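The primary structure of each chain is shown beneath.
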Amino acid sequence: MVPPEADAAERARIAASFGLDQPLWRQYLLFVARALQGDLGRSFIYNQPALALVVERLPATLELSLAALVLAAGLGIGLGLYAGLRPRAAAARLIMAGSVVGLSLPGFWVGLMLVIGFSVRLGWLPSSGRGETVAVLGVGWSFLTADGLAHLILPAANLALFKLALILRLTRAGVREVVHLDYVRFARARGLAPSRVVGVHILRTILIPIVTVIGLEFCSTVAFSMATESIFAWPGMGRLMVESIHVLDRPVIVAYLVAVVLLFVAVNLLADILYRLLDPRVGTAGAGGAA
């Protein structure tokens, strides 16, 4: 922020304006006092409140992360069920081999290959930006327009690949663990429809660890989408974080970390609530033991 030709007095004035001339302990106490009031400082570059700047970019990152998670969970659970119910089928073995590839490939390389393949070579999908958005409750969303949806496909697919492979393998392992248990055999012996046996007696049983992984992966997607957002020029928090690191915009970096921590807490709380809905025994076991 200080021009090269600035003299010592100008440098001291700029340092004093940000409180950088104070002792470190005083700077820390002032930061904590302001943080408790929701003030995490002003961006050195944008000259705006850092937290407001991060919150402004939050919808774009949430939209991208939710799209990736829906894609990963939908395909991962479906393919995992098939691979678990028919482990000897050639398609199931191909699915499991593909999951190993999905876990192994680095995300930044996959993103570059998607850009080269679908944008540069084929020209089917745009490679950068968020596209046209529609404002809902004062927040712009791109998935509500055809142009925005086209811009969303490639970055969402890039983010979803690793999570899809992880959910697929977890689902397959859960199915193989419960498919031979007595209550599943009894359900089949009673003549229940295969869809009911799979949906009620198998899938509902294995959903708790899957929900746990999905919740944690959603948080990690929001927190670590920086490479994908940078490759596809997606205007979200991750790209803002990368830009702030390059220019040492410390208030924005701190605001980003605080937002991510609060998101982890909120998603873990939501996962605990979903546990009760999926299996009421989760909430009553502890109470019975204490009694």
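Residues numbered from 1 in each chain as written. Predicted model: local features only at pLDDT ≥ 70, side-chain atom pairs only at ≥ 80, totals over all residues. Heavy atoms only, no water.

- Looking at an unreviewed UniProt entry, one finds the chain named ABC transporter permease, with Azospirillum himalayense as its source organism.
- In its Sequence similarities (unreviewed entry) section, UniProt records this for the chain: "Belongs to the binding-protein-dependent transport system permease family."
- According to the UniProt record, the Subcellular location (unreviewed entry) comment for the chain is "Cell membrane". (UniProt positions renumbered as here; feature names shortened; annotations may be inferred.)

### Some points on the overall build of the chain
- Scanning the chain from N- to C-terminus turns up 12 helices and two strands.
- Order of helices (α) and strands (β) in the chain, N terminus to C terminus: α-α-α-α-α-β-β-α-α-α-α-α-α-α.
- What you see for the chain is a C-alpha radius of gyration of 24 Å, clearly larger than the 19 Å of a compact globule of 291 residues, by over 25%.
- Looking at the 291 residues of the chain, the share that counts as buried comes to 35%.
- Considering only intrachain contacts with a sequence separation of at least 6, the fraction spanning at least 24 residues in the chain is 68%.
- Surface exposure of the chain reaches about 16,500 Å², of which carbon and sulfur atoms provide 67%.
- Charged side chains of the chain number 24 positive and 17 negative; the gap between the two group centres comes to 16 Å. (Helix = DSSP H or I, 4+ residues; strand = E, 2+ residues; numbered from the N terminus. Rg over C-alpha atoms; globule rule 2.2 N^0.38 Å. Buried < 20%, exposed > 50% of the residue type's maximum accessible area, 1.4 Å probe, protein only. Contact = heavy atoms within 4.5 Å. Areas by Shrake-Rupley, 256 points an atom, 1.4 Å probe, with all protein chains shown as cover. Lys, Arg positive; Asp, Glu negative; His and termini not counted. Charge placed at Lys NZ, Arg CZ, Asp CG, Glu CD.)

### Topic: the pattern of salt bridges
- Applying the stated rule across the entire model yields three salt bridges.
- Across the pair Glu 63 and Arg 130 runs a salt bridge, and its minimum N-O distance is 2.8 Å. One end of the pair, Glu 63, is in helix α3 (residues 50–85); the other, Arg 130, is in the loop between α5 (107–121) and β1 (134–136), and 67 residues separate them in sequence. The exposure classification of Glu 63 matches that of Arg 130, with both residues buried.
- The salt bridge involving Glu 243 is made with Arg 239; its shortest N-O contact spans 3.5 Å. Of the two residues, Glu 243 and Arg 239 both sit in helix α10 (residues 237–246), four residues apart, roughly one turn of that helix. (Salt bridge = Lys/Arg side-chain N within 4 Å of Asp/Glu carboxyl O.)

### Some thoughts on the nonpolar core
- One finds Val 54, Ile 167, Ile 202, Ile 210 and Tyr 256 to be the most contacted residues of the largest nonpolar core, which totals 51 residues.
- If you look at the next biggest cluster of nonpolar residues, it comprises seven residues, including Leu 114, Val 115, Leu 125 and Phe 232. (Core = buried A, V, L, I, M, F, W, Y, C linked by side-chain atoms within 4.5 Å.)

### Here we look at the packing of α3 against helix α4 (residues 90–104)
- Where α3 contacts α4, the axes come no closer than 9 Å and their chain directions differ by 130°. Judged by the inter-axis angle, α3 sits oblique to α4. As for the relative orientation of α3 and α4, their crossing is left-handed in sense. Counted together, Leu 79, Tyr 82 and Ala 83 of α3 and Ala 91, Ala 92, Ile 95 and Met 96 of α4 form the full contact between these two elements.
- Considered class by class, the residues forming the contact of α3 with α4 number seven nonpolar, no polar and no charged. (Axes fitted to C-alpha atoms, helices over the stretch in contact; angles between N-to-C directions. Parallel < 35°, antiparallel > 145°, perpendicular 65-115°, else oblique. Left-handed = near helix turned anticlockwise from the far one by under 90°. Nonpolar A, V, L, I, M, F, W, Y, C, P; charged D, E, K, R; others polar.)

### Some words on the side chain of Arg 130
- Judged by its relative accessible area of 14%, Arg 130 is buried.
- Polar side-chain contacts of Arg 130 include one of 2.8 Å to the side chain of Glu 63.
- In this structure Arg 130 touches Pro 59, Ala 60, Glu 63, Gly 140, Trp 141, Ser 142, Gly 148, His 151, Trp 234 and Pro 235, once residues within four positions along its chain are discounted. (Polar contact = N/O pair within 3.5 Å; in protein donor to acceptor, adjacent residues only side chain to side chain.)

### Some details on the UniProt feature "domain: ABC transmembrane type-1" (unreviewed entry) in the chain
- Sequence positions flagged by UniProt for "domain: ABC transmembrane type-1" (unreviewed entry) are, in local numbering, residues 58–275.
- Secondary structure content for residues 58–275 is 78% helix and 3% strand, and the end C-alpha separation is 27 Å.

### A word on the packing of aromatic side chains
- Within this structure, the stated rule accounts for two aromatic pairs.
- Ring geometry for Trp 141 against Phe 143: centres 6.4 Å apart, planes inclined by 65°, an arrangement best described as edge-to-face.
- When its relative accessible area of 42% is taken as the criterion, Phe 143 is described as partly exposed. (Phe/Tyr/Trp six-rings, centres within 6.5 Å; stacked < 30°, edge-to-face > 60°.)

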